[in-house]
Amino acid sequence: MERYDALIIGAGPCGIGAALKLKEAGVNFALINAGTPGGKVNIAPRVDNYPGFKEIPGPDLAFAFYERLMKAGIDIIPDTILSLAKEGEEFLLKGEYGEYQAKAVLIASGTKERKIGLAKEEELLGHGISYCSLCDGHFFKGADVAVIGGGNAALKEAIHLAGIVNKLYVIHRRNEFRGSNNLVNELKEMDNVEIITPYIPVEILGEDKVTGLVIENREDGSHRTLTIDGLFPLVGQLPNTTFIKIDGVLNEWNTIPVDREMQSSVPGLFAGGDVLPREIRQIYLAEHDGTVAAKSIINYLNK
Ligand SMILES: Cc1cc2nc3c(=O)[nH]c(=O)nc-3n(C[C@H](O)[C@H](O)[C@H](O)COP(=O)(O)OP(=O)(O)OC[C@H]3O[C@@H](n4cnc5c(N)ncnc54)[C@H](O)[C@@H]3O)c2cc1C
């Protein structure tokens, strides 16, 4: 069992922001992360709202975060936390590879993609279905593809895909988009994009790979079948919080309410970034949360 004063779960912008502050203050802590450092920033095709850059590809920004960590001499423990419990004053964490104990914990584990819940969605994952245009878009060069979703992330991924594929359908369940008008207008100006609203997907077609999608008009119930080679369901995110085994931490949406110090309902347990219940999920907000949480962790440990 590895013992620390503080542990951070997740090395996205929130966890990295916190780690830099804890390191500066000389706290005995560890940063545990599953996947690539930088978190979701790695799959953002284009970041155009991060101070200091007019625009920057997500992976480049994620690498810059990683370089900041390296420069500060912060190592990442590669592990996936499977359970987080509290015994007395201490938090106990079990990972896939190790067990850890700490007086304070920051949950900065972000989100995962929400599924659309249709038959064949799991089965055809990697055979035409993908949740990341930046990771898999190049497999669909010259192909016909559909994106489902209407938020900013979906619109940005759609713009990225439209530059690669032959034809792109953007399917959204409402006539209005939740994402910004600028992005919707940018999409509308692209010759190979067809925006189809108000439609929902009802059946994925194909045996070994995606060959089509049946969609339903939400106003008149009529159906339309699209012939496609690829499908990107981008209908939102679910918080990565299932490993939390402490009562009263999560709300009904499985996100973590916190106070102004980023502390949850449990003393010593902090959270920040996309695991919080909030409308807007952004890199600079997550980084801000991490910095505030680190300051609060320092105060908590000093008490
Ligand atoms: C396609 C897309 C485009 C985006 N574009 C922009 C943009 O242009 N501008 C902007 O500001 N924001 C953008 N965002 C949102 C932004 O990426 C997120 O708000 C931000 O990354 C959240 O940071 P975070 O640290 O809370 O979580 P994340 O970045 O999700 O990082 C969480 C980390 O925790 C790790 N983790 C999860 N569970 C565990 C576990 N059990 N054990 C250990 N580690 C775990 C994950 O692997 C990950 O590394 C975009 C998001 C997407 C999906």
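Placed above this text is the structure.
Along each chain, numbering runs from 1 in the same order as the chain's sequence is written. Reporting of local features is limited, given that this is a predicted model, to residues whose pLDDT is at least 70; pairs of side-chain atoms are given and counted only at 80 or more, and all residues count toward the totals for whole chains, interfaces and linings. Water and hydrogen atoms were dropped before computing side-chain values, which therefore reflect all heavy atoms in the structure.

Thoughts on the environment of G98
Okay, step 1: Strands are runs of DSSP state E lasting at least 2 residues, helices are runs of H or I lasting at least 4, and numbering of each runs from the N terminus. On the secondary structure map, G98 appears in the loop between β5 (90-95) and β6 (99-107).
Okay, step 2: The buried label applies to any residue whose accessible area, calculated with a 1.4 Å probe on protein chains only, is under 20% of its type's maximum; exposed applies above 50%, and partly exposed to all values in between. Take G98: its relative accessible area is 16%, and that puts it in the buried class.
Okay, step 3: As for G98 and P57, which are separated by 41 residues in sequence, their C-alpha atoms are 34 Å apart.
Okay, step 4: Here, residues are in contact when the closest pair of their heavy atoms is within 4.5 Å. The residues touching G98, leaving out its near neighbours within four places in the chain, are D79 and L93.

So, the site of the ligand
Okay, step 1: Whether a residue is near a molecule or strand depends on its heavy atoms: if one lies within 4 Å, it is near. Around the ligand there are 36 residues in total, and N33, A34, N49, K156 and E157 lie nearest to it.
Okay, step 2: Whenever two N or O atoms come within 3.5 Å, that pair is a polar contact, provided that in protein one can donate a hydrogen and the other can accept it, and provided that, for residues adjacent in sequence, both atoms are side-chain atoms. At a separation of 3.0 Å, an oxygen atom of the ligand approaches a polar backbone atom of C14.
Okay, step 3: Measuring from an oxygen atom of the ligand, one finds a side-chain N or O atom of K156 at 2.5 Å.
Okay, step 4: If the ligand stood free it would expose 1,000 Å²; the protein chains cover 92% of that surface.
Okay, step 5: Sorting the residues of the shell around the ligand by element identifies α1 (13-24), α4 (152-162) and α6 (283-302) as the ones contributing at least two each.
Okay, step 6: For the shell around the ligand, the leading source of residues is α4, giving three residues.
Okay, step 7: Residues are grouped as follows: Ala, Val, Leu, Ile, Met, Phe, Trp, Tyr, Cys and Pro are nonpolar; Asp, Glu, Lys and Arg are charged; all remaining types, including Gly, are polar. Residues that form the shell around the ligand fall into these classes: 15 nonpolar, 14 polar and seven charged. Surface exposure here means Shrake-Rupley accessible area, sampled with a 1.4 Å probe, where a residue is shielded only by the protein chains that are shown.

Here we look at the nonpolar core
Okay, step 1: We define the nonpolar core as a collection of buried residues of types Ala, Val, Leu, Ile, Met, Phe, Trp, Tyr and Cys that are connected through side-chain atoms lying within 4.5 Å of one another. Grouped together as the largest cluster of nonpolar side chains are 57 residues, with contacts concentrated most on L84, V105 and I107.
Okay, step 2: No other element matches α6, which puts seven residues into this core.
Okay, step 3: In contact with V105, not counting residues within four places along its chain, are L7, I9, L84, F91, L93, G268, L269 and F270.
Okay, step 4: Core analysis: the second largest hydrophobic core is formed by 20 residues, A158, I159, A162 and V193 among them.

Quick notes on the pattern of salt bridges
Okay, step 1: Here, a salt bridge means any Lys or Arg side-chain nitrogen found within 4 Å of an Asp or Glu carboxyl oxygen. The tally for this structure, following the rule as stated, stands at 11 salt bridges.
Okay, step 2: A salt bridge links K156 to D48; its shortest N-O distance comes to 3.3 Å. Here D48 lies in the loop between β2 (29-33) and α2 (58-71) and K156 lies in helix α4, a separation of 108 residues in the sequence.
Okay, step 3: Three or more residues are tied together by salt bridges with common partners; here these are R46, D48, K156 and E186.

Observations concerning the packing of α4 against helix α5 (residues 181-188)
Okay, step 1: Angles here are taken between N-to-C directions and fall from 0 to 180 degrees, while the axes themselves are lines fitted to C-alpha atoms, restricted in helices to the stretch in contact. In contact at an axis separation of 10 Å, α4 and α5 are set at 25 degrees when each is read in the N-to-C sense. As summarised for this structure, α4 and α5 are arranged roughly parallel, according to the angle between their axes. As α4 runs across α5, the sense of the crossing is left-handed. Seen from α4, the contacting residues are N152, L155, K156, A158 and I159; seen from α5, they are L183, V184, E186 and L187.
Okay, step 2: When grouped by side-chain class, the residues that make up the contact of α4 with α5 number six nonpolar, one polar and two charged. Angular relationships are summarised with four words: roughly parallel below 35 degrees, roughly antiparallel beyond 145, roughly perpendicular across 65 to 115, and oblique for the angles in between. Working rule for handedness: look at the near helix, and if it is turned counterclockwise from the far one by less than a right angle, call the crossing left-handed; if clockwise, right-handed.

Thoughts on the state of the cysteines
As used here, a disulfide is simply a covalent bond connecting the sulfur atoms of two cysteines.
Okay, step 1: The criterion for a disulfide is a pair of cysteine sulfur atoms lying within 2.5 Å. In the structure shown here, the tally under the stated rule is one disulfide.
Okay, step 2: The disulfide that involves C132 links it to C135, with 2.0 Å between the sulfurs. The disulfide joining C132 to C135 has a torsion of about 75 degrees about its S-S bond and is therefore right-handed.
Okay, step 3: C132 gets classed as buried once you look at its relative accessible area, which sits at 7%.
Okay, step 4: For C135, a relative accessible area of 37% gives the class partly exposed.

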